[in-house]
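A structural walkthrough
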Amino acid sequence: MHNYKKIVLNNGIPLYLYNDKSLKQTFVSYIVKYGSSGRWFNFNLDGKEHNVSSGYAHYLEHLLGEHSKHGNIYTNFDSRCLNANAYTALDHTCYHFVGAGNIKKSIKELIEAIDCPVFDDKDVNQSRHAICEEASTWQDNYDVQAVNLVEKNLFSTYDEYDYTLSPIGNRQITKEITTQSLYDCYNAFYTDDNKVLVIAGNVNEEELVDYLNNIYANISSHQRRVILPNFDLEPMRTKEEEIVRKVDVDINSLGIKIKKPTNVSKEELVICMNFLINYLISSDSDFYLYLKSKNLLDFIYYGYTKITDNYIQLIHSYVSNNPKEYLKTARDKLYRKDMSFSEFEGIRRSLIAEEVRDCDDKYSAPSKFGDRLQYTENYSDLDIYKKITYERFMEILNMLRFDNYTMGKVKQLKK
Amino acid sequence: MDLSRLINDNGVYLYQDDNFNTINIQLSFNGKVGNREDAVNYVLCKYMMQSNEIYPSINQKMKELYAMDLYFFPQKIGKTSSIIVSADLVSPSIVEDDYLAGAFDFIKNIILHPKFTDANLLETIKRSYISTLAHKLSNSNNKAKRLFLDNVFDDENNKYGCSIDLEYISSIINSITLDDIKEAYKNSINEQTFYRGMVFGNISKEQFDLFRKYIPYKNNGDVLDYASKCKIVEDDSEVLDHDANESILYVTYETDKIDEGLSKVLSSIFNGGNGLCHQILREKYGLVYSSYISIYCYKKAFVFTTKIDKNNKQKAMEAIKEIISIAQDKNKLIELLKFAKEYIKNEDYLLSEKKDYILDYLDDYIRGIPDNFNYNDFIKNIDSYTEEEIAQHMGTLKLKNVFMYKGDKNA
């Protein structure tokens, strides 16, 4: 299921293609590995230093799609009954659509919109108001703030991250962003070596690749002009931080950062981290139920792992009356490394079931590919879940050290 | 979608589709209505998933059954309240393990043999429930929607106010006892209160028959009263929230009786990137980030929801009036209606690939609400909707309620 084939196009952009004759729709996503986090705030473009802040990547996302040489591509796609959207994450920006008709024409429009920007001052001003309203919505999302606080704590380059901890930026920043600064960011980070194309559908591979190479042949290439930051080389740090907001309940977040062991493949590590997430914080884990019964945890609402070249991060957010005790208990549990065979087998079956359910939604699953690209080119973990043994899992678990952690909290301010 | 494939076995419906890897089962029971009853139903649902006479660890058993996703949840529609048992199973053909008999037996035992003796568990569930509500209210969007619904409908049975007032709802939750949930179980989850079942996905007829041996419930013939008699309250008011940044404007019109089919056509005209809301409020005036309409068929309510700058209420009101005047002009509706029909037909074509869509449509269809809406007939007759009909219907709109949730935080 979901076995993607990687094809490198003539301009170097990788195409991940999932070809399935049974699909009626085609899913297309164009990903740029440039997001809203602090690691892209300072850069030197053609000898000139630039300093921007959160909100720029997101503003660009709006302008490229809404004010392209083809007009507003989302309106165009909608008129062809295609479902289209875009989002800006901390570490990438993604433009995507899915539908059944006019696919080739729409792929061309999408690529040209992103690769041939034409927005001007008028367009920047026209989009400003809507973006301000979107920023307000995000500023009220305390769950995201709690998780982003942990991300911010993990890396020193995030120290400049906007106080609202929103990938959208805030109203004030949005009001001040200029057209020139957006083009500077575009020229620095929308380079061909920083882009990925993902297509899933019933397609003729040869025809499609020719078509894509033709589109790019008529577009100027975007060569790298800045040194892309490698945040993965930053030293680990342990930091606790909290922000105070008027909320009805404290929202805590915990991030654990682990130095990646050698002699373990990325795929195996992903699997092991998914086991750990399930072991610790899945709502059907015995440990989760134990924490609830001890009044250490009310509920967990978000958890994920990230694996980069040097590090593994395990991040989750939760509501607890006693977050410090929760942290201590969770870390003790990790240190003991005492997962039994029956626990392991139960989790393995859960993970298989999760993968199978994901595959039932044939298009939302590939839409998550952007996140996975950060650490693996292997889309589906089903086969590895089926194959991994208890002995191998315990061997990898014993290589992991859980020394560096960070906590964030959106703290309740009594009304 | 081919609804002629539906098999009705005494109120339990089967729709086979081996394009999917899973089997979804839903069983619906009639529950009691009211603020306190809602809270009791919620606690009952959570409790049943954690304590049972047969299984020492429900959790472990679910994992053995390929992480069967089994849950109980309360559902309110109109004046009715239901308790739904939902199970999502991995198809045995995928995992190469014929475990279905064990899975069906498990579902049966979870329904029939709960164990209501653990006071500590009850306290844990209550505490978690209060935290969950508090967490929901940290989201201004949730808070605004609940405040709006309370303001706009004069419906005492469906007040959300209790869940906005944390102190009030906490006092209700904290007063729930083991006897309360025992009583609720006795009254709500049994053969007499069972009214509908649905089995969907990668399951054979033989496997369905096996399921029916374990779960032999039949529809007892009762028809639930979905219609609500509540009215739209005439009002123009604002709620100021010093803790929120965003502002949301809700503008509610009363319409003539509106059926599910017309509601779908109108939604396609007003919503989406080419819809009237987006085109006028965002593209023409750049006033909002998002805007859309919702239609509450039972309550004859047609609601515009827009996220706007708190100072732009008047401009948004003018733009909404402009939108309505366009929709009342049959000449301006020609292109919009043409597109709406295409969109709906296309959606139908794609329906067979989306499990959630199929489940929603089957749910509506089997439920037969409102006015026995039949999706197949609707698609067959989609071209019969005319500009005149839409314009005439839009001419019946009467402005009744303007409600603004005003975020007033100086971030």
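Just so it is clear, the model here is predicted, and its values are computed rather than measured. (Residues numbered from 1 in each chain as written. Chains lettered and ligands numbered in written order. Predicted model: local features only at pLDDT ≥ 70, side-chain atom pairs only at ≥ 80, totals over all residues. Heavy atoms only, no water.)

Remarks on the nonpolar core
- One finds B:Ile25, B:Leu70, B:Phe72 and B:Ile181 to be the most contacted residues of the largest nonpolar core, which totals 116 residues.
- Among the elements that make up this core, the one with the highest residue count is helix 9 (residues 266-281) of chain A (eleven residues).
- In this structure B:Leu70 touches B:Met49, B:Met62, B:Val85, B:Ser86, B:Ala87, B:Phe106, B:Ile107 and B:Ile110, once residues within four positions along its chain are discounted.
- If you look at the next biggest cluster of nonpolar residues, it comprises 58 residues, including B:Ile269, B:Ile320, B:Ile379 and B:Met404. (Core = buried A, V, L, I, M, F, W, Y, C linked by side-chain atoms within 4.5 Å. Buried < 20%, exposed > 50% of the residue type's maximum accessible area, 1.4 Å probe, protein only. Helix = DSSP H or I, 4+ residues; strand = E, 2+ residues; numbered from the N terminus. Contact = heavy atoms within 4.5 Å.)

Section: the packing of aromatic side chains
Residues and elements named next belong to chain A.
- Going through the model one piece at a time under the given rule, you end up with 40 aromatic pairs over all chains.
- Note on phenylalanine 43 and phenylalanine 189: the rings are 5.0 Å apart at their centroids and 75° apart in plane angle, and the pair reads as edge-to-face. With a gap of 146 residues between them, phenylalanine 43 in strand 4 (residues 42-45) and phenylalanine 189 in helix 7 (residues 179-189) connect regions that are remote in the sequence.
- The class of phenylalanine 189 is buried, set by a relative accessible area of 1%. (Phe/Tyr/Trp six-rings, centres within 6.5 Å; stacked < 30°, edge-to-face > 60°.)

Notes on the pattern of salt bridges
- Inspection of the entire model under this criterion finds 38 salt bridges over all chains.
- A salt bridge links A:Glu395 to A:Arg392, with the shortest nitrogen-to-oxygen separation between them at 3.3 Å. On the criterion of helical spacing, the pair formed by A:Glu395 and A:Arg392 is a turn pair, its members being three residues apart in helix 16 (residues 390-397).
- What makes A:Glu395 partly exposed here is its relative accessible area of 45%.
- For B:Lys380, the salt bridge goes to B:Asp377, with nearest N and O atoms at 3.9 Å. A residue pair is termed a helical-turn pair when its members lie 3 or 4 positions apart in one helix, as B:Lys380 and B:Asp377 do in helix 16 (residues 375-380) at three residues.
- B:Asp377 gets classed as partly exposed once you look at its relative accessible area, which sits at 36%.
- Salt bridges here are not isolated pairs; linked through shared partners, they connect B:Asp236, B:Glu238, B:Lys313 and B:Lys406. (Salt bridge = Lys/Arg side-chain N within 4 Å of Asp/Glu carboxyl O.)

Concerning unusual backbone geometry
Residues and elements named next belong to chain B.
- Even without glycine at this site, asparagine 10 takes up a positive phi of about 55°.
- Note on placement: asparagine 10 falls in the loop between strand 1 (7-9) and strand 2 (12-16).
- Note on asparagine 10: relative accessible area 42%, which makes it partly exposed.
- Positive phi values are uncommon outside glycine, yet alanine 67 reaches one of about 50°.

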